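Each chain is listed here by its residues.
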Amino acid sequence: RAFSILRVVAMSEGKDQGSEKPRPSSWVFISEQDISAITAKTISAPFEYVKIVTQLRNESIRLGAIPSHGATTWSILAATWNAGPFGFFSGNGFNIIRYFPTLALNSRLKVWVYSMFFDPSSKPKDLWSKLSRALSGGLVAGLVMSITYPLDSLRTICAFQTAAMAVNPSYKPIVSQNPFLAIWDVLSSPGTSRLQMLYSGFGTTLCGIFVYRCTYFALYDTFKHRLLGKSSSFWSKFAFGYGITALSGTITYPFDTIRRRMMVANITNAEYISSSHCVNQVFQEDNGMGAFFAGTLANIMRGFVATAVLTWFEERQKSKAKRRKSTGKKRNEGAG
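Residues numbered from 1 in each chain as written. Predicted model: local features only at pLDDT ≥ 70, side-chain atom pairs only at ≥ 80, totals over all residues. Heavy atoms only, no water.

Participant: Can you help me understand the overall build of the chain in this one?
Facilitator: Broken down by element type, the chain carries 13 helices and zero strands. Walking the chain from its N terminus toward its C terminus, one meets helices and strands in the order α-α-α-α-α-α-α-α-α-α-α-α-α. Per-residue burial for the chain yields a buried fraction of 45% across its 336 residues. Summarising the internal contacts of the chain: among those between residues at least 6 apart in sequence, 78% fall at separations of at least 24. When the accessible surface of the chain is summed, it comes to about 17,500 Å², and 64% of that surface belongs to carbon and sulfur atoms. (Helix = DSSP H or I, 4+ residues; strand = E, 2+ residues; numbered from the N terminus. Buried < 20%, exposed > 50% of the residue type's maximum accessible area, 1.4 Å probe, protein only. Contact = heavy atoms within 4.5 Å. Areas by Shrake-Rupley, 256 points an atom, 1.4 Å probe, with all protein chains shown as cover.)

Right, dumping it as structure tokens:
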């Protein structure tokens, strides 16, 4: 989503919505864009951990992973810090691993899916063309997520286990905290039940993706011409992009809460029958609607930090390109 903020800036400057910088054809080549994404994920990882702990605190108590007495969010975070500050980066390895297949699959599926619904080189003119772009983008995200979703589940489970072990030393983790060993633990487990459990909440995730994209583009089209002009500065465009991204993420945040609760509940065999069962139980047992938005502030801060890092890298690339261009001109003048 942090990349979507930078895309808003590009769209506001009149660039094509679907345009991207050319990338090497190799699947293993690590570019500066990859380094910026990995850096952004790593720096914002503690905020992601705080968000997950806040979302899953009541679920951890329900599952018996942590004691109910005195298990506030702040006490869990304090226990994590006392156990070692690296606990705040728990599961970030899965985020980094997930980035590469997500990037490769997204770039290849986007052209194929987009061509089924509209001409990617044309600009959206009517409501249907805008809606088709949002829905096709959601379809691409859903297809990519169907492959990378287990990594997201393991990232959530690792954060859940880190918090549980920090508060309750007698808690025994279900899977290894090491990304590669955790994947092996799942694949080598008897039967296919645990592998299937890694897709718990996948349907809710798909619904959240489509609702998010539709909300995002609706807000963008509604407020772009009212708040931005041709003379708007980069930072005003950045603030606008971050604002609609944060608002869209907040509106669809309950989808994320439900899917993460299902991830940790089902991996411990204390599973929910369905998403509606999870929604009903959360609403009845966890103080109503507020439980669905637990961790929203941490999520907004995570997005801001990640976007700030990506923006810094992008501005750095632009300044390097300008220096190379000016150096080339001086050399040509000197040769002349």
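Participant: Help me understand the side chain of Asp256 in this model?
Facilitator: Within the secondary structure, Asp256 sits in helix H11 (residues 253-267). In this structure the side chain of Asp256 is engaged in a polar contact, spanning 2.9 Å, whose partner is the side chain of Arg259. Among all residues touching Asp256, those that are not within four sequence positions of it are Lys51 and Gln55. (Polar contact = N/O pair within 3.5 Å; in protein donor to acceptor, adjacent residues only side chain to side chain.)

Participant: Whenever I open this one, the nonpolar core confuses me. Can you help?
Facilitator: Where a protein is soluble and globular, its nonpolar side chains tend to be buried together. The biggest cluster of nonpolar side chains holds 16 residues, and the ones touching the most others in it are Tyr49, Val53 and Phe160. Those elements that place two or more of their residues in this core are helix H3 (45-62), helix H4 (73-83) and helix H6 (127-167). Excluding residues that lie within four positions of it along the chain, Phe160 makes contacts with Leu56, Ser60, Leu63, Ala65, Tyr171 and Val264. (Core = buried A, V, L, I, M, F, W, Y, C linked by side-chain atoms within 4.5 Å.)

Participant: It is not clear to me how the environment of Ser60 should be interpreted in this structure. Could you clarify?
Facilitator: Take Ser60: it is sitting in helix H3. In sequence terms Ser60 and Gln161 are 101 residues apart; their C-alpha atoms lie 9.3 Å from each other. Beyond its immediate stretch of four places on either side in the chain, Ser60 contacts Ala65, Ile66 and Phe160.

Participant: Please clarify how helix H2 (residues 32-43) should be interpreted in this entry.
Facilitator: Turn by turn, an α-helix covers 3.6 residues, leaving residues three or four places apart pointing in a common direction. In this model H2 runs 16 Å from its N-terminal to its C-terminal C-alpha over twelve residues, within 8% of the 16 Å that 1.5 Å per residue would give. Among all positions in H2, only Asp34, Ser36, Ala37 and Ala40 are buried. Taken down its axis, H2 places every buried residue within 160° of arc, on the same side. (Expected span 1.5 Å × (residues − 1). Arc of directions from axis to C-beta.)

Participant: In this structure, what is going on with the confidence of the model for the chain? I would like to understand it.
Facilitator: Low pLDDT means the predicted coordinates in that region are not meant to be read closely. Residues with a pLDDT of 70 or more make up 81% of the chain, whose mean pLDDT is 79. Per-element confidence in the chain ranges from a low mean pLDDT of 52 for helix H1 (residues 2-12) to a high of 91 for H3. Here residues 16-28 scores under 50 on pLDDT; set against residues more than four positions off or in separate chains, the count is 17 contacts. (pLDDT = per-residue confidence, 0-100.)

Participant: Would you mind going over the packing of aromatic side chains with me for this structure?
Facilitator: Working definition: an aromatic ring pair is given by the centre-to-centre distance plus the angle between the planes. What the rule picks out here adds up to nine aromatic pairs. When the centroid spacing of 5.3 Å and the interplanar angle of 70° are considered together, the rings of Tyr49 and Phe88 count as edge-to-face. Placement of Tyr49 in helix H3 and of Phe88 in the loop between H4 and helix H5 (92-117) is noted, with a sequence separation of 39 residues between them. Linked through ring pairs, Tyr49, Trp81 and Phe88 together constitute an aromatic cluster. (Phe/Tyr/Trp six-rings, centres within 6.5 Å; stacked < 30°, edge-to-face > 60°.)

Participant: What exactly am I supposed to notice about the pattern of salt bridges here?
Facilitator: Oppositely charged side chains can form a pair if their charged atoms are brought close together. Under the counting rule described, the total for this entry stands at twelve salt bridges. Across the salt bridge formed by Arg260 and Asp152, the nearest N and O atoms sit 3.8 Å from each other. Taken together, the residues span a long stretch of sequence, with Arg260 in helix H11 and Asp152 in helix H6 at a distance of 108 residues. Summarising the burial analysis for this pair, Arg260 and Asp152 share the class buried. Put simply, Asp286 and Arg261 hold a salt bridge, and the shortest N to O gap is 2.7 Å. Of this pair, Asp286 sits in the loop between helix H12 (275-285) and helix H13 (296-335) while Arg261 sits in helix H11, and the two are 25 residues apart along the sequence. (Salt bridge = Lys/Arg side-chain N within 4 Å of Asp/Glu carboxyl O.)

Participant: What exactly am I supposed to notice about H3 here?
Facilitator: For H3, which comprises 18 residues, the first-to-last C-alpha distance of 25 Å matches the rise-based estimate of 26 Å (1.5 Å per residue) to within 8%. Roughly 50° is the biggest bend found in H3, and it falls at Leu56. Within H3, burial applies to Ala45, Pro46, Glu48, Tyr49, Lys51, Ile52, Val53, Gln55, Leu56, Glu59 and Ser60. Where H3 ends, the next residue or the one after it, Gly64, has phi of about 80°, a positive value. (Bend = angle between axes of the 7 residues up to and from the residue.)

Participant: Before we go on, may I ask you to explain the side chain of Arg261 in this structure?
Facilitator: Take Arg261: its relative accessible area is 3%, and that puts it in the buried class. In this structure, Arg261 is in contact with Gln55, Leu56, Asn58, Glu59, Tyr272, Cys278, Val282 and Asp286, ignoring residues within four places of it in sequence.

Participant: What is the right way to look at a nonpolar patch on the surface in this model?
Facilitator: Nonpolar side chains collect at one region of the surface, where Trp112, Met116, Leu139 and Leu143 lie side by side and expose about 390 Å² of accessible area between them. Elements that contribute at least two residues to the nonpolar patch include exactly H5 and H6. Positionally, Leu143 belongs in helix H6. A relative accessible area of 33% means that Leu143 is categorised as partly exposed. (Patch = residues over 30% accessible without salt bridge, like charges linked within 9 Å, V, L, I, M, F, W, Y side chains within 5 Å.)

Participant: It is not clear to me how the environment of Met289 should be interpreted in this structure. Could you clarify?
Facilitator: Mapped onto the secondary structure, Met289 falls in the loop between H12 and H13. Measuring from C-alpha to C-alpha, the distance between Met289 and Val279 comes to 9.8 Å, with ten residues separating the pair along the chain.

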